[in-house]
Amino acid sequence: MRLALLISWLGFALCAQATSQPNIVFFLIDDLGYTDCGFNGGKDIKTPNIDRLAKSGTIIESHYVQPVCSPTRSTLLTGRYPTHTGVYTIVSPGAPWGLPLAERTLADALRSAGYRTALTGKWHLGEFEKAYQPNARGFDHQYGHFFGMLDYYSHDRLNKLDWYRNGEPLKEEGYTTHLIAKEACKVIASGDQSKPLFLYVPFNGVHSPFQAPDSYLKPYAHLKGNRQKLAGMLAAVDEAIGQIEAALKQAGRLENTLIVFSSDNGGPPPGDNTPLRDFKGTIYEGGTRAAAFATWPGRIPAEQRLRQPMHMVDWYPTLIKLAGGSLEQKLPVDGLDVWPMLTKGAPSPHDAILSVSTQGPTRAAVRMGDWKLIVSGGADADSGEDESATKAKKKGKNIAGKYEPVALYNLIADPSESKNLAAAHPDRVKAMRARLAELLKDAVPSGAKK
């Protein structure tokens, strides 16, 4: 009798832990266009697994990220804007810097709360010393690559292997998207099953080079050039996400798993950011608004589209709080808890959301409600173009061109940022410039060594 009671109590305790500490799976897709997936209106590419997950949860229409990948990853893992970490631009191979070691990471916080933590995919936050690598930044397990633009088959970047397991070089065969999914499934099935799991899956798909197995290209013979290849690459990512979802289900974890999906920045050509302006590398909406959703059956409303804005920094406090972790730390957090917004339709907790360019605070934007202000100054203000926009123009893409010194847009009426309303609303410009200055007042220099 006592044994039966003990077993019953243990079962209740495990159930209570599962309810209070969900598994967290975070999918980050590299260079995905805002409208490439079906759930955001895409027609070219079939993404059935992604679309089904999106439909089962809430699509976040105004999910802000940084214009390139390393800064976005830093905001997710620290809850702090690039103005406070110094990660404004990408971390190059061998560069003597990375995410500052003083930063506490999301993986650190969740591990302290009792989670198993694993990363399968792309890191891109520093590797020149072991202290900057994932295993020293809160991840129990690491698998994948430290940088971007690696060959999907050889796993080389500029003729040097960029493929590791727990920081050790790993030579193996296979298409990277397949390998990342296989490792993620292995992580789900193994390890201490009594612990909740934080699984971070930052795919290198659909970043260039544009490579996909022939079987993924055949359904898209009607598309041309790199658009066909991107379609095949995204189809492989969609299949991988379906496999990871199936592994969660097989392990009995799916019902108690929060799944978050986002791009790391807007897509470059041939990605589709319709109706947003421009591409990756810019602080127009096409560079900083990501395709995103969150799903957790019974906790996050299904078939909902959320227009309220949030930023990648918000996942840090939201997930830590949800996991029962501590937000007490030395460095202040910029992100805010968006759980009431996601689950109860509460207003955005932000009065203002900041975007900064890869060049730092000399070019920055602030969103307040439906309005967005872009201020472009500094030595390069006359040229006003980021590198990716210039490349897009050379490829004949119809993009809007240079930044103006001051530009004001109403994003609800004009999501394409085609009408600068600064002259018509001087008082609003003044108020938003003051708020932007406040957000930038303690901005730190770039961590990149010049």
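On to the confidence of the model for the protein. Per-residue pLDDT for the protein has a mean of 92; in total, 90% of the residues score no lower than 70. This stretch, residues 395–400, has a pLDDT under 50; its non-local contacts, to residues over four places away or in other chains, come to ten contacts.

Core analysis: the largest hydrophobic core is formed by 52 residues, its most contacted members being F27, F39, L199, F203, I241, I244 and F261. Secondary-structure elements contributing two or more residues to this core are β1 (23–29), α2 (48–55), α6 (176–189), β10 (197–202), α7 (214–217), α8 (225–250) and β11 (257–263). Looking at which element gives the most residues to this core, the answer is α8, with twelve residues. Residues in contact with F203, not counting those within four places in the same chain, are F27, L28, I29, D30, T177, I180, V237, A240, I241 and I244. Ranked by size, the runner-up nonpolar core spans 48 residues in total, among them F26, L77, Y115 and W296.

Before going further, it helps to examine the packing of aromatic side chains. Within this structure, the stated rule accounts for 15 aromatic pairs. Arranged with centres 5.3 Å apart and planes meeting at 25°, the rings of Y152 and Y175 form a pair that is stacked. Separated by 23 residues along the polypeptide, Y152 in the loop between β5 (141–145) and β6 (156–157) and Y175 in the loop between β9 (168–169) and α6 bring together distant segments of the chain. Y152 sits in the buried class, given a relative accessible area of 0%.

Glancing now at the sheet that holds strand β19 (residues 406–410). Read across the open sheet, the four strands follow the order β16-β17-β18-β19; overall the sheet is antiparallel. A single partner strand is all that each edge strand has here, and the edge strands are β16 (353–357) and β19. Sheet twist, expressed as the average angle between the axes of neighbouring strands with direction ignored, equals 20°. As paired elements, strand β17 (residues 360–368) and strand β18 (residues 371–376) share six bridges and run antiparallel to each other. Paired with A364 across the two strands is V375, which belongs to β18. Its contacts with the sheet put helix α13 (residues 426–440) on β16, β17, β18 and β19, and the angle it makes with β17 is roughly 125°.

This next bit is on the sheet that holds strand β12 (residues 289–290). An order of β12-β3-β15 is seen for the three strands of this open sheet, with the pairing classed as mixed. Every other strand in the sheet has two partners, leaving β12 and β15 (310–311) as the edge strands with one partner each. Pairing of strand β3 (residues 63–64) with β12, which is carried by two bridges, proceeds in the antiparallel orientation. The partner of H63 across the bridge, within β12, is A290.

Before going further, it helps to examine the packing of α6 against α8. Following both chains from N to C, one finds α6 and α8 inclined at 10°, their axes separated by 9 Å at the closest point. With respect to each other, α6 and α8 are oriented roughly parallel. In this structure, α6 contributes T177, H178, A181, A184, C185 and I188 to the contact, and α8 contributes A236, V237, E239, A240, Q243, I244, A247 and L248.

We now examine the state of the cysteines. A complete count under the given rule lists zero disulfides for this structure. A disulfide-free cysteine, C37 has its sulfur positioned 18 Å from the sulfur of C69, the nearest such atom. A relative accessible area of 0% means that C37 is categorised as buried.

This part is about the pairing of β5. Summarising burial for β5: five of the five residues are buried, a large majority. Judged from the five bridges that link them, strand β4 (residues 116–122) and β5 form a sheet pairing that is parallel. Looking at β5, one finds that T120 is bridged to Y143. Summarising the sheet, β5 and strand β8 (residues 164–165) pair through two bridges and their orientation is antiparallel. Bridging from a neighbouring strand, Y143 pairs with R165 of β8.

This part takes up the environment of K419. As for its position among the elements, K419 is in the loop between β19 and α13. On the basis of relative accessibility, which here comes to 55%, the residue K419 falls in the exposed class. Along the backbone, K419 and Y34 are 385 residues apart, and their C-alpha atoms lie at a distance of 21 Å.

Now for unusual backbone geometry. Omega for the bond connecting S208 with P209 falls within 30 degrees of zero, at 5°, which places this linkage in the cis form. Omega for the bond connecting T274 with P275 falls within 30 degrees of zero, at 5°, which places this linkage in the cis form. Residue placement: P275 occurs in the loop between β11 and α9 (285–288). Even without being a glycine, D31 presents a positive backbone phi close to 65°. By the element assignment, D31 lies in the loop between β1 and α2. Here D31 falls in the buried class, since its relative accessible area comes to 5%. One non-glycine residue, H155, lies in positive phi territory at about 65°. Mapped onto the elements, H155 comes out in the loop between β5 and β6. Assessed through its relative accessible area of 1%, H155 is described here as buried.

What counts, and where the lines are drawn
- Starting afresh in each chain, residues are numbered from 1 along the sequence in its written order.
- Under the rules for a predicted model, residues below a pLDDT of 70 receive no local features and side-chain atom pairs below 80 are neither given nor counted, while totals for whole chains, interfaces and linings still include all residues.
- Water and hydrogen atoms play no part in the side-chain values, which are based on all heavy atoms of the structure.
- A score from 0 to 100, pLDDT tells how confident the predictor is in each residue.
- Contacts were defined at the residue level, with two residues in contact if any of their heavy atoms lie within 4.5 Å.
- Note on terminology: a nonpolar core comprises buried Ala, Val, Leu, Ile, Met, Phe, Trp, Tyr and Cys residues joined through side-chain atoms within 4.5 Å.
- Summary of the burial criterion: residues with accessible area below 20% of their type's maximum are buried, those above 50% are exposed, and those between are partly exposed, where the area comes from a 1.4 Å probe applied to protein chains only.
- Strands are runs of DSSP state E lasting at least 2 residues, helices are runs of H or I lasting at least 4, and numbering of each runs from the N terminus.
- When the centres of two rings from Phe, Tyr and Trp lie within 6.5 Å, Trp using its six-membered ring, the rings pair. Their planes under 30 degrees apart give stacked, over 60 give edge-to-face, and anything left gives tilted.
- A pair of strands counts as paired when DSSP detects no fewer than two bridges linking them.
- Each axis is a line fitted through C-alpha atoms, taken for helices only over the stretch in contact, and angles between the N-to-C directions span 0 to 180 degrees.
- Angles below 35 degrees are treated as roughly parallel, those above 145 as roughly antiparallel, those between 65 and 115 as roughly perpendicular, and all remaining angles as oblique.
- Any two cysteine sulfur atoms within 2.5 Å of one another count as a disulfide.

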